[in-house]
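Descriptive structure summary
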Amino acid sequence: SQQGEEDPQALSIQEGENATMNCSYKTSINNLQWYRQNSGRGLVHLILIRSNEREKHSGRLRVTLDTSKKSSSLLITASRAADTASYFCAVNNNDMRFGAGTRLTVKP
Amino acid sequence: DTAVSQTPKYLVTQMGNDKSIKCEQNLGHDTMYWYKQDSKKFLKIMFSYNNKELIINETVPNRFSPKSPDKAHLNLHINSLELGDSAVYFCASSRARGEYGYTFGSGTRLTVV
């Protein structure tokens, strides 16, 4: 499929632990993006990684991209209860295609 | 000052009715989109407009018709609503296709009864 597919579907961790979410896709891409969605809200753009980049950082977020394996991962370090949300990857080949997201729960 | 605003936030209506959802962006972006999020949180693109021109029209029933009077507005009109149309509809915009992140509205929860 053209969309990103996140894994796992759900993840539950304790505050302070790291959270890793994975994304796989099947087509060529211009870039891959990660978004966060809090319950009942719209999606918020977190980070964009281009197809010629391998790693990107933004605060406590680290994104990697392996175009040979058609996969990406999002690492959230030192998680906080406020990080509880759904996280979506989206593959961008002129238009963005999303998966169903990973539901992250961070317990205080 | 909301960047992408959708109205209404909630919409409850009976089967067979016609309804519209409005979207406006004040970011000066060229491209606007409509997405549908189902109960399993899967987010699917419906339409994409670039400078008022329809770019993408996914496999969406003809009952759904987007209208873009100018590049800051993209409205969604739905005829003869069905139970299966119940979902959250998100409007989004981006500076251009392909290279930039999207800014999403807060969504319209449509419930068809």
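Placed above this text is the structure.
Residues numbered from 1 in each chain as written. Chains lettered and ligands numbered in written order. Predicted model: local features only at pLDDT ≥ 70, side-chain atom pairs only at ≥ 80, totals over all residues. Heavy atoms only, no water.

1. A short note on the state of the cysteines
Summed over the entire model, instances satisfying the criterion amount to 2 disulfides over all chains. In this model Cys23(A) forms its disulfide with Cys89(A); the gap between the sulfur atoms is 1.9 Å. The sign of the 60 degrees torsion about the S-S bond sets the Cys23(A)-Cys89(A) disulfide as right-handed. With Cys23(A) in strand 3 (residues 19-24) and Cys89(A) in strand 9 (residues 85-92), this pair connects stretches of sequence that are 66 residues apart. The disulfide partner of Cys23(B) is Cys91(B), and the S-S distance across this bridge is 1.8 Å. In this structure, the disulfide formed by Cys23(B) and Cys91(B) twists by about -75 degrees around the S-S bond and is classed as left-handed. Of the two residues, Cys23(B) is situated in strand 3 (residues 19-25) and Cys91(B) in strand 9 (residues 87-94); the sequence distance between them amounts to 68 residues. Accessibility classification places Cys23(B) together with Cys91(B) in one group, the buried group. (Disulfide = S-S within 2.5 Å. Helix = DSSP H or I, 4+ residues; strand = E, 2+ residues; numbered from the N terminus. Buried < 20%, exposed > 50% of the residue type's maximum accessible area, 1.4 Å probe, protein only.)

2. Some details on the packing of aromatic side chains
Per the stated rule, a full pass over the model turns up 12 aromatic pairs over all chains. Look at Tyr35(A) and Phe104(B): their rings are 5.8 Å apart centre to centre, the planes differ by 80 degrees, and that puts the pair in the edge-to-face class. Of the two residues, Tyr35(A) sits in strand 4 (residues 31-37) while Phe104(B) sits in strand 10 (residues 103-104), which places them in two different chains. Comparing Tyr35(A) with Phe104(B), the two get one shared label, buried. (Phe/Tyr/Trp six-rings, centres within 6.5 Å; stacked < 30°, edge-to-face > 60°.)

3. Notes on the nonpolar core
In terms of nonpolar packing, the biggest core is built from 22 residues, with Met21(A), Leu32(A), Trp34(A), Leu74(A), Ile76(A), Tyr87(A) and Leu104(A) touching the most fellow members. Looking at this core, the elements with two or more residues in it are strand 3, strand 4, strand 5 (43-50), strand 7 (61-66), strand 8 (71-76), strand 9 and strand 11 (102-107) of chain A. If one sorts the elements of this core by residue count, strand 9 of chain A sits on top with 4 residues. In terms of nonpolar packing, the next biggest core, distinct from the first, is built from 20 residues, Leu11(B), Ile21(B), Phe47(B) and Tyr89(B) among them. (Core = buried A, V, L, I, M, F, W, Y, C linked by side-chain atoms within 4.5 Å.)

4. Things to note about the environment of Leu11(B)
Residues and elements named next belong to chain B. Within the element layout of this structure, Leu11 appears in strand 2 (residues 10-13). Through-space distance from the C-alpha of Leu11 to that of Ser86 is 9.6 Å; in sequence the pair is 75 residues apart. Aside from chain neighbours lying at most four places away, what touches Leu11 is Lys19, Ser20, Thr108, Arg109, Leu110 and Thr111. (Contact = heavy atoms within 4.5 Å.)

5. Concerning the side chain of Ser48(B)
Mapping Ser48(B) onto the fold places it in strand 5 (residues 43-50). When residues no more than four places from it in sequence are discounted, the contact partners of Ser48(B) are Asp95(A), Thr31(B), Met32(B), Tyr33(B), Glu53(B), Leu54(B), Ile55(B) and Ile56(B).

6. Some remarks on unusual backbone geometry
In this chain, Asp7(A) is followed by Pro8(A) through a cis amide linkage whose omega measures 0 degrees. If you trace the backbone, Pro8(A) turns up in the loop between strand 1 (5-7) and strand 2 (10-14). Notably, Ala78(A) is not glycine yet its phi reads approximately 45 degrees, a positive angle. On the basis of relative accessibility, which here comes to 38%, the residue Ala78(A) falls in the partly exposed class. Positive phi values are uncommon outside glycine, yet Lys41(B) reaches one of about 75 degrees. Within the secondary structure layout, Lys41(B) lies in the loop between strand 4 (31-37) and strand 5.

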